[in-house]
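Geometric and topological summary
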Amino acid sequence: GAGVSQSPSNKVTEKGKDVELRCDPISGHTALYWYRQSLGQGLEFLIYFQGNSAPDKSGLPSDRFSAERTGGSVSTLTIQRTQQEDSAVYLCASSVTGTSAYEQYFGPGTRLTVT
Amino acid sequence: GENVEQHPSTLSVQEGDSAVIKCTYSDSASNYFPWYKQELGKRPQLIIDIRSNVGEKKDQRIAVTLNKTAKHFSLHITETQPEDSAVYFCAASTGTYKYIFGTGTRLKVLA
């Protein structure tokens, strides 16, 4: 079946502009995650959605970052007033559920470059 | 807070040799330990995982060992091949969605 998809694959934006990154999880997966991967670094947790529960936003680095998940499926990560330090690969993942530790399936990522 | 340390950051081995990557976790409540492989320009993919009720798990050339007392776990790859070249990430979870990832190990298998 179809895996996790993300769009765009690459995004170049000017400092100060807003960007939206999209994630389509695997159908039927109730849990969705966003991570940030900076060059040569590990996976930094940003936010987690589980069904209709309140999201865990504890990893968002500043109030310029926000995310929503509509209808329990597609998610959008928004970065307002982008800064150069926001340049990274943003990875989305989904799993059957987040209430137990299950395999997280990753999307191909969106490479964001802020000039 | 919770932390996972991963070593080494880079590892070069000759084709056919073994590779070992080690991770140490800080939260003693951690009970699930997945390993992900990320080839250049591609998404991370799960290659093996272990839960705290077992000490070792093998899948062909890949094995993972867990020492709960010392709070560390290791990935072992035997008979390495060029296609094993990638970045490997360990992670620890207390049994919920929250994975704490290590910083990754770049493995190069030299032909």
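My aim in this report is to walk through the structure given alongside it, one point at a time. The structure presented is a predicted model; accordingly, all values stated were derived computationally and were not measured.

1. Examining the pairing of strand S8 (residues 88-95) of chain A
Residue and element names in this part refer to chain A. Extensive coverage of S8 is indicated by the burial of eight of its eight residues. Taking every second residue as pointing to the same face, both faces of S8 are buried, with Ala88, Tyr90, Cys92 and Ser94 on one and Val89, Leu91, Ala93 and Ser95 on the other. Taken together, the seven bridges between strand S4 (residues 31-37) and S8 define a ladder with antiparallel strand orientation. Residue pairing in the sheet places Tyr33 in a bridge with Ala93 of S8. Both S8 and strand S10 (residues 110-114) contribute to a ladder of three bridges, which runs antiparallel. Directly across from Tyr90, in S10, lies its bridge partner Thr110. As paired elements, S8 and strand S9 (residues 105-106) share two bridges and run antiparallel to each other. Across the sheet, Ser94 pairs through a bridge with Tyr105, a residue of S9.

2. Things to note about the pattern of salt bridges
In the structure shown here, the tally under the stated rule is seven salt bridges over all chains. A salt bridge links Arg36 of chain A to Glu44 of chain A; the nearest nitrogen and oxygen atoms lie 3.0 Å apart. Of the residues examined, Arg36 of chain A reaches a relative accessible area of 11% and is grouped as buried. Lys57 of chain B is paired through a salt bridge with Asp49 of chain B; the nearest N and O atoms lie 2.9 Å apart. You can call Lys57 of chain B partly exposed: its relative accessible area is 35%.

3. Some thoughts on the state of the cysteines
Residue and element names in this part refer to chain A. Counting across every chain of the model gives two disulfides over all chains. In this model, Cys23 is linked to Cys92 through a disulfide, with the two sulfur atoms separated by 1.8 Å. Residues Cys23 and Cys92 are joined by a disulfide whose S-S torsion is about -65 degrees; by sign, that bridge is left-handed. Of the two residues, Cys23 sits in strand S3 (residues 19-24) while Cys92 sits in strand S8, which places them 69 residues apart along the sequence.

4. Here we look at the environment of Gly98 of chain A
Along the chain, the position of Gly98 of chain A falls in the loop between S8 and S9. The class for Gly98 of chain A is buried, based on a relative accessible area of 2%. In the structure, Gly98 of chain A is positioned 48 residues away from Gln50 of chain A in sequence and 6.3 Å away in space, judged by C-alpha atoms. With residues near it in sequence (within four places) discarded, Gly98 of chain A still touches Ala31, Tyr33, Tyr48 and Gln50 of chain A together with Thr96 and Tyr97 of chain B.

5. What to know about the sheet that holds strand S7 (residues 75-79) of chain A
Residues and elements named next belong to chain A. One open sheet holds the four strands; their spatial order is S1-S3-S7-S6, and the pairing between them is antiparallel. Pairing within the sheet leaves two strands with one partner each, and these edge strands are strand S1 (5-7) and strand S6 (65-69). For this sheet, the mean angle separating the axes of adjacent strands, direction not counted, is 15 degrees. In terms of strand pairing, S1 meets S3 through three bridges, oriented antiparallel. Bridge pairing links Ser7 to Arg22 in S3.

6. Description of the packing of aromatic side chains
Throughout the structure, instances matching the rule amount to 15 aromatic pairs over all chains. A centroid spacing of 6.3 Å and a plane angle of 25 degrees characterise the contact between Tyr33 of chain A and Tyr35 of chain A, whose relative ring orientation is stacked. Comparing Tyr33 of chain A with Tyr35 of chain A, the two get one shared label, buried. The interplanar angle of 5 degrees and the centroid separation of 3.5 Å between the aromatic rings of Tyr48 of chain A and Tyr97 of chain B together place this pair among those described as stacked. With Tyr48 of chain A in strand S5 (residues 44-50) and Tyr97 of chain B in the loop between strand S9 (86-93) and strand S10 (99-101), this pair bridges two chains. With respect to burial, Tyr48 of chain A and Tyr97 of chain B carry one shared label: buried. Linked through ring pairs, Tyr33, Tyr35, Phe45, Tyr48 and Phe106 of chain A together with Tyr32, Tyr36, Tyr97, Tyr99 and Phe101 of chain B together constitute an aromatic cluster.

7. A closer look at the pairing of strand S8 (residues 72-77) of chain B
Residue and element names in this part refer to chain B. As judged from the six bridges shared by strand S3 (residues 19-25) and S8, these two strands associate in the antiparallel manner. Counterpart to Val20 in the pairing with S8 is His76. As defined by bridge partners, strand S7 (residues 62-67) adjoins S8 across six bridges and the pair is classed as antiparallel. Bridge pairing in S8 links Thr65 to Ser74. Hairpin connection between S7 and S8: a loop of four residues separates the two successive antiparallel strands, and Lys71 in this loop has a positive phi of roughly 60 degrees.

Conventions we followed
- Residues numbered from 1 in each chain as written.
- Chains lettered and ligands numbered in written order.
- Predicted model: local features only at pLDDT ≥ 70, side-chain atom pairs only at ≥ 80, totals over all residues.
- Heavy atoms only, no water.
- Buried < 20%, exposed > 50% of the residue type's maximum accessible area, 1.4 Å probe, protein only.
- Helix = DSSP H or I, 4+ residues; strand = E, 2+ residues; numbered from the N terminus.
- Pairing = 2+ DSSP bridges.
- Salt bridge = Lys/Arg side-chain N within 4 Å of Asp/Glu carboxyl O.
- Disulfide = S-S within 2.5 Å.
- Contact = heavy atoms within 4.5 Å.
- Axes fitted to C-alpha atoms, helices over the stretch in contact; angles between N-to-C directions.
- Phe/Tyr/Trp six-rings, centres within 6.5 Å; stacked < 30°, edge-to-face > 60°.

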